[in-house]
Amino acid sequence: MKDNNITVMIVDDHVLLREGLKQILDLEKDIDVIEQAGDGEEAVEKALEYSPDVILLDINMPKMNGIEVLRRFKDLGILSKVIMLTIHDDREYLFETIKIGANGYILKDSDADSLIKAIRDVNNGKTYIQPSVASMLIEEINSKEKEVNGDLLKIEALTKREYEVLTLVAEGLNNREIAERLFISEKTVKNHVSNIFKKIDVNDRIQAAIFAYKNNIKKI
C-alpha cells in the first residue's frame with residue numbers, strides 16, 4: 001500500500017457485494033481497500049480504528065442502518081468521506097442523508113468507472129451524485145415541497161380560533177380542558193376539533209398533534 005493511496009472501507013451486510021466491490025477497487029493502483037464491515041456497529045468501530053479516507057456505506061443494514069451510522073460518524077467527529085450505496089427504493093432515506101452530510105451517492109448496480117470516479121472525487125473534496133440518483137433526489141425534493149405547500153394551505157384554511165384549539169390538542173388537552181382554557185363551551189370545542197380534522201385531513205387527535213409538531217404550530 002502506497003502512502004498517498006486512497007484508503008477505502010466497504011460497509012454492507014452482503015458479503016458477496018463487498019467482495020465484488022473489493023475486487024473492482026483492487027485493480028486501481030491509487031485505491032486500497034483496507035477494511036470491510038458487515039453491520040452498522042462494526043462500521044463505527046472500524047472507522048474509529050482505521051480512519052479510512054473514504055467509506056462506502058450501505059443504507060439498509062442490521063443493528064444500525066446507514067443513516068444512523070452516518071449520524072454517529074458526525075457525532076464522533078470521524079473525518080472519513082462517506083459515499084452512500086443505495087438502490088432505487090431508498091429515495092426517502094437518501095433525502096435524510098443529504099441533511100446529515102454525506103459526500104456522495106451511487107447506485108449499487110453502477111458501473112465500475114462511476115464507482116471509481118465517485119471515490120476519487122469525494123477524496124478530493126468534491127461531492128459526487130450519480131446522475132440517476134440526482135434525478136431521484138430531485139423527485140423527492142419536489143415531493144417534499146409539495147407536501148409542505150399542501151400543509152401550508154391547510155394551516156391557512158384554519159380560523160384563528162381553530163388554530164388556537166389545534167395548539168391545545170397538540171399539548172394533549174381534552175375537549176373539557178380546552179373549553180376551560182378558552183372560556184368556551186365543550187360543545188363548541190367539539191365542533192372546532194371536528195372542523196380542524198376535516199381541514200388538515202386527519203382522523204384523530206394523535207394525527208392532529210403530529211401535524212402540529214411537523215409544521216411547528218405553536219400558541220398564538
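Read on for a plain summary of the structure. (Residues numbered from 1 in each chain as written. Predicted model: local features only at pLDDT ≥ 70, side-chain atom pairs only at ≥ 80, totals over all residues. Heavy atoms only, no water.)

### Examining the overall build of the chain
Okay, step 1: The helix and strand tally for the chain stands at 10 helices and 6 strands.
Okay, step 2: By the compact-globule yardstick of 17 Å for 220 residues, the chain is too spread out, its C-alpha radius of gyration being 24 Å.
Okay, step 3: With the C-alpha coordinates of the chain rotated into their principal frame, the extents come out at 75 × 30 × 30 Å.
Okay, step 4: When the 220 residues of the chain are sorted by exposure, 44% land in the buried category.
Okay, step 5: Residue pairs in contact within the chain that sit at least 24 positions apart in sequence constitute 64% of those at least 6 positions apart.
Okay, step 6: A total of about 12,200 Å² of accessible surface is found on the chain, and carbon and sulfur atoms cover 50% of it.
Okay, step 7: In the chain, 31 side chains carry a positive charge and 40 a negative one; their mean positions are 8 Å apart. (Helix = DSSP H or I, 4+ residues; strand = E, 2+ residues; numbered from the N terminus. Rg over C-alpha atoms; globule rule 2.2 N^0.38 Å. Buried < 20%, exposed > 50% of the residue type's maximum accessible area, 1.4 Å probe, protein only. Contact = heavy atoms within 4.5 Å. Areas by Shrake-Rupley, 256 points an atom, 1.4 Å probe, with all protein chains shown as cover. Lys, Arg positive; Asp, Glu negative; His and termini not counted. Charge placed at Lys NZ, Arg CZ, Asp CG, Glu CD.)

### So, the side chain of Lys 46
Okay, step 1: By secondary structure assignment, the location of Lys 46 is in helix 2 (residues 40-50).
Okay, step 2: Taking relative accessible area as the criterion, Lys 46 reaches 18% and is therefore assigned buried.

### A word on the environment of Asp 121
Okay, step 1: Among the secondary structure elements, Asp 121 is positioned in helix 5 (residues 112-123).
Okay, step 2: Through-space distance from the C-alpha of Asp 121 to that of Gly 104 is 8.8 Å; in sequence the pair is 17 residues apart.
Okay, step 3: When neighbours within four sequence positions are excluded, Asp 121 is seen to be in contact with Lys 126 and Tyr 128.

### Remarks on the nonpolar core
Across soluble globular proteins, nonpolar side chains have a tendency to be buried as a group.
Okay, step 1: Membership of the largest hydrophobic core comes to 24 residues, with the highest contact counts inside it found for Val 11, Ile 55, Leu 57, Val 69, Leu 70, Phe 73 and Met 84.
Okay, step 2: The set of elements that each furnish at least two residues to this core consists of strand 1 (6-11), helix 2, strand 3 (54-58), helix 3 (66-76), strand 4 (81-86), helix 4 (91-100) and strand 5 (104-107).
Okay, step 3: The element contributing the most residues to this core is helix 3, with 4 residues.
Okay, step 4: Excluding anything up to four places from it in sequence, Val 11 contacts Ala 37, Asp 39, Ala 43, Ile 55, Leu 56, Leu 57, Asp 58, Met 61 and Leu 85. (Core = buried A, V, L, I, M, F, W, Y, C linked by side-chain atoms within 4.5 Å.)

### Re helix 9 (residues 186-200)
Okay, step 1: Counted at 1.5 Å a residue, the expected span for helix 9 with its 15 residues is 21 Å, and the 21 Å between its end C-alpha atoms agrees.
Okay, step 2: Phi turns positive, to about 60°, at Asp 201, one or two residues after helix 9. (Expected span 1.5 Å × (residues − 1).)

### With respect to the packing of helix 1 (residues 15-26) against helix 5
Okay, step 1: Between helix 1 and helix 5, whose axes approach to 11 Å, the crossing angle comes to 75°. Of the possible angle classes, the one that applies to helix 1 and helix 5 is roughly perpendicular. Residues Leu 21, Ile 24 and Leu 25 of helix 1 form the contact with helix 5, whose own contacting residues are Ala 112, Leu 115, Ile 116 and Ile 119.
Okay, step 2: Residue composition of the contact of helix 1 with helix 5, grouped by class: 7 nonpolar, no polar and no charged. (Axes fitted to C-alpha atoms, helices over the stretch in contact; angles between N-to-C directions. Parallel < 35°, antiparallel > 145°, perpendicular 65-115°, else oblique. Nonpolar A, V, L, I, M, F, W, Y, C, P; charged D, E, K, R; others polar.)

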